[in-house]
Amino acid sequence: MKSLLLLALFLGASLQAGQSICFKRVQLTDKFYAEGANFADINKDGKMDIVSGPFWYEGPDWTKKHAFYAPKEFSINGYSDNFFAYTRDFNGDGWLDILVLGFPGKEARLYLSPGKFDQDTPWAMSIVADVVDDESPVFTDITGDGKPEIVCGTGGKFGYFEPNWTKPTEKWTFVAVTPDMKVAKFTHGLGVGDVNGDGKMDLLDARHWWEQPKTAAPAWIQHDAPPGIGGGAQMFAYDFDGDGRNDIASTLRAHDYGVAVFLNKAGTDGKEATWQRITLAGEHPWETDYGTVFSQPHAMYLADINGDGVMDLVTGKRYWAHNGHGPDEHSPLALYWFETHRDKGKVEFIPHLIDEQNGVGVGTDVQVGDVNGDGLPDIVVGSKAGVFVMLQDRVEVSAETAAQLAPKKMYGEGLMPQKDYAHGQSPQDSLKAMQLPAGFKAELIASEPEIVQPIAMTWDERGRLWVVEGMSYPQPRAPG
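Everything quoted here is computed from the prediction, not taken from an experiment.

Asks: Would you mind going over the overall build of the chain with me for this structure?
Replies: Counting its regular elements, the chain contains 2 helices and 32 strands. Compactness check: the chain gives a C-alpha radius of gyration of 25 Å against a globular reference of 23 Å for 480 residues, within 12% of the reference. The principal-axis extents of the C-alpha atoms in the chain amount to approximately 85 × 60 × 45 Å. Relative to its 480 residues, the chain shows a buried fraction of 49%. A separation threshold of at least 6 residues defines the contact pool for the chain, and within that pool the share at least 24 residues apart is 49%.

What follows is the structure in structure tokens.
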């Protein structure tokens, strides 16, 4: 198991000046067993364990692993048979069982805990659903009965599988909530949330959101989803801007680019709501105020990372999703949390880079919760790169360092208009006015008259800086 303290620090808006958020990276394995991971206290010792693939890793340090079904390592140039894992005491015996959702279009498997773990014998397994379609199914309570269901597609329709809780190992019943929408195994984009604020959970897909009726008899009501969601990952309904109306968060294209929040601008006189799109990450830097770019955002989670009482978003780049054929496949595996910052009736989403150079990213799922019992939300990832726990910490830094490391706007309102640039400033004043990315600090090492009109520079192998001066610019000099 490998651990690494990430040196990048992130200033949280809700934190006191000089206090920043950092994450310690703990790698449980570099083997590819699954595209997701979760956490729960499997052995009831009061410590959170990590569940990913065929193993649960015993807390608090996750160095000892136990297999609950026969392990099989997969090649990153293919896919695993384990995309999501959820835990719950399904049969009421006091021990947490494990529900695994496999490859899209395949079965859901329920593994019953034996209640003793001195030997790694396979847990009793039952197939509870034959076909779970969509690449972002979710195990959550959509009906409001206090018990979770598998929300997914099957037979071309969106709906949910619910068990007979007295006989949870028998096949679960699928309840369709939509007509035939041609939902397939590789359909992208799915979520659950109360879009219209009536207290009932609605179903969201990339093209629509389906309003749950007040009584069981009527059909679920179809509404248009915000435009521009080509097919992402997990979707959420939440009041990001604090105006009392729930908005929608979604990745835009799970195998391309784009993360966005659509603010709900309610219509009048019974008209449908309109949506205002805020792009959090795109294909090009100028698409967002902060210039955030990464590809293949195939998982997202809604959680309050900085403890200010407002939900934030965690997402990142999926590793080797299409076996080397996806866009920008070889770039670093970014993992971000986007801080929801409300101010005077407006909202912005501040990007905090958690990890980029150490191979974390996301799989088809990412989970957030307090894994080590310190009261701070941590992040759990399972992917083709292995299994990771990102442990959150709070670090005291100087006010100068905190300001230096805070994310900076580079485009939009954060970009100084050309007309506002000052003329005739001293080198020292020019230095103060420079707009730098987060984590960068500029120092003045030379200025006029020592150097005039520098047009190119480079470092040599001895660490010396060479500068070319364009003394006659913009007029060309005669050859020789």
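Picking up after the structure, the text goes on.
Asks: So what exactly am I meant to see when it comes to the confidence of the model for the chain here?
Replies: It should be kept in mind that the predicted coordinates are not to be read in detail where pLDDT is low. Chain-level pLDDT for the chain is 91 on average; 93% of the residues reach the 70-or-more range. Low pLDDT, under 50, characterises residues 7–16; the stretch is placed with 34 contacts to residues that sit more than four places away or in other chains.

Asks: Even after reading the chapter, I still don't get the sheet that holds strand S26 (residues 335–343), so can you show me in this structure?
Replies: In sheet architecture, strand pairing relies on hydrogen bonds along the backbone and comes in two forms, parallel and antiparallel. With antiparallel pairing, the 4 strands of this open sheet are ordered in space as S24-S25-S26-S27. If you trace the sheet from one side to the other, it starts and ends with strand S24 (300–303) and strand S27 (346–355), each paired once. For this sheet, the mean inter-axis angle between neighbouring strands, taken without regard to orientation, is 25°. Pairing analysis gives 4 bridges linking S24 to strand S25 (residues 312–316), with the strands arranged antiparallel. For Met300, the partnering residue across the bridge sits in S25 and is Thr315.

Asks: Help me understand the pairing of strand S7 (residues 64–67), please; the structure alone is not making it clear to me.
Replies: A regular strand places its side chains so that they alternate between the two faces of the sheet. Where strand S6 (residues 55–58) lies against S7, 4 bridges are found, and the strand directions are antiparallel. Note that in S7 the partner of Glu58 across the bridge is Lys64. Hairpin geometry of S6 and S7 is characterised by an intervening segment of 5 residues between the two adjacent antiparallel strands and by a positive phi of about 60° at Trp62.

Asks: Explain the side chain of Thr178 here, please?
Replies: Inspection of the secondary structure assignment puts Thr178 in the loop between strand S15 (173–176) and strand S16 (190–193). Side-chain polar atoms of Thr178 contact the backbone nitrogen of Phe158, separated by 3.1 Å. With residues near it in sequence (within four places) discarded, Thr178 still touches Lys157, Phe158 and Trp210.

Asks: Hey, could you run me through unusual backbone geometry in this one?
Replies: The peptide bond linking Gly59 to Pro60 adopts the cis configuration, its omega dihedral lying at 15°. Residue placement: Pro60 occurs in the loop between S6 and S7. The omega torsion across Glu448 and Pro449 is 5°, close enough to zero to call that bond cis. Mapped onto the elements of the fold, Pro449 is located in the loop between helix H2 (427–433) and strand S31 (454–459). The phi dihedral of Lys44 falls on the positive side, at around 55°, and the residue is not glycine. We note that Trp320 has phi near 55°; this positive angle belongs to a residue other than glycine. Note that Trp320 resides in the loop between S25 and S26.

Asks: Please clarify how the nonpolar core should be interpreted in this entry.
Replies: As a rule of thumb, nonpolar side chains are buried together in soluble globular proteins. Grouped together as the largest cluster of nonpolar side chains are 20 residues, with contacts concentrated most on Phe240, Val261, Leu280, Phe294, Leu313, Phe338 and Phe349. When contributions to this core are tallied by element, the ones reaching two or more residues are strand S20 (234–238), strand S22 (259–265), strand S23 (274–281), S24, S26 and S27. Ranked by size, the runner-up nonpolar core spans 18 residues in total, among them Val314, Ile354, Val360 and Phe388.

Asks: What am I meant to see in the packing of aromatic side chains here?
Replies: Given two aromatic rings, their pairing is described by the distance between the two centres and the angle made by the two planes. A complete count under the given rule lists 24 aromatic pairs for this structure. Consider the rings of Trp95 and Phe117, whose centres lie 5.6 Å apart with planes at 70°: the pair is edge-to-face. Here Trp95 is found in the loop between strand S8 (84–88) and strand S9 (97–101), whereas its partner Phe117 is found in the loop between strand S10 (108–112) and strand S11 (124–129), with 22 residues between them in sequence. Relative accessible area serves as the criterion here: at 17%, Phe117 is assigned to the buried category. Measuring from ring centre to ring centre gives 6.3 Å for Phe117 and Trp123, while their planes differ by 40°; the resulting arrangement is tilted. Here Lys384 stacks its cationic end above the ring of Tyr79, 4.5 Å away from the centre of that ring.

Asks: Which parts of the structure should I look at to understand the pairing of strand S18 (residues 208–211)?
Replies: Here S18 shows a buried face lined by His208 and Trp210 and a second buried face lined by Trp209 and Glu211. In this sheet, S18 lies alongside strand S17 (residues 202–205) in antiparallel orientation, the contact comprising 2 bridges. Counterpart to Leu204 in the pairing with S18 is Trp209. What sits between S17 and S18 in their antiparallel hairpin is a turn of 2 residues. The pairing of S18 with strand S19 (residues 221–224) spans 4 bridges and is classified as antiparallel.

Asks: What is the right way to read the sheet that holds S8 from this model?
Replies: Taken together, the 4 strands give an open sheet; going across it, the order is S8-S9-S10-S11, and neighbouring strands pair in antiparallel fashion. At either end of the open sheet lies a strand with only one pairing partner, and these are S8 and S11. The average angle at which neighbouring strand axes cross in this sheet is 25°, direction not considered. Bridge count between S10 and S11: 5 bridges; the pairing is antiparallel. Paired with Leu112 across the strands is Ala124, a residue of S11.

Asks: I would appreciate a short explanation of the environment of Tyr86 in the present structure.
Replies: Relative to the elements of secondary structure, Tyr86 occurs in strand S8. With residues near it in sequence (within four places) discarded, Tyr86 still touches Asn38, Asp97, Ile98, Leu99, Leu101, Pro137, Val138 and Phe139.

Asks: For this particular structure, what's the right way to read the side chain of Asn264?
Replies: By the secondary structure assignment, Asn264 is in strand S22. Asn264 gets classed as buried once you look at its relative accessible area, which sits at 7%. Residue contacts for Asn264: discarding those within four places in its chain leaves Val195, Asp243, Arg245, Asn246, Asp247, Ala273, Thr274 and Trp275.

Calculation criteria
- Residues numbered from 1 in each chain as written.
- Predicted model: local features only at pLDDT ≥ 70, side-chain atom pairs only at ≥ 80, totals over all residues.
- Heavy atoms only, no water.
- Helix = DSSP H or I, 4+ residues; strand = E, 2+ residues; numbered from the N terminus.
- Rg over C-alpha atoms; globule rule 2.2 N^0.38 Å.
- Buried < 20%, exposed > 50% of the residue type's maximum accessible area, 1.4 Å probe, protein only.
- Contact = heavy atoms within 4.5 Å.
- pLDDT = per-residue confidence, 0-100.
- Pairing = 2+ DSSP bridges.
- Axes fitted to C-alpha atoms, helices over the stretch in contact; angles between N-to-C directions.
- Polar contact = N/O pair within 3.5 Å; in protein donor to acceptor, adjacent residues only side chain to side chain.
- Core = buried A, V, L, I, M, F, W, Y, C linked by side-chain atoms within 4.5 Å.
- Phe/Tyr/Trp six-rings, centres within 6.5 Å; stacked < 30°, edge-to-face > 60°.
- Lys NZ or Arg CZ within 6 Å of the ring centre and 35° of its normal.

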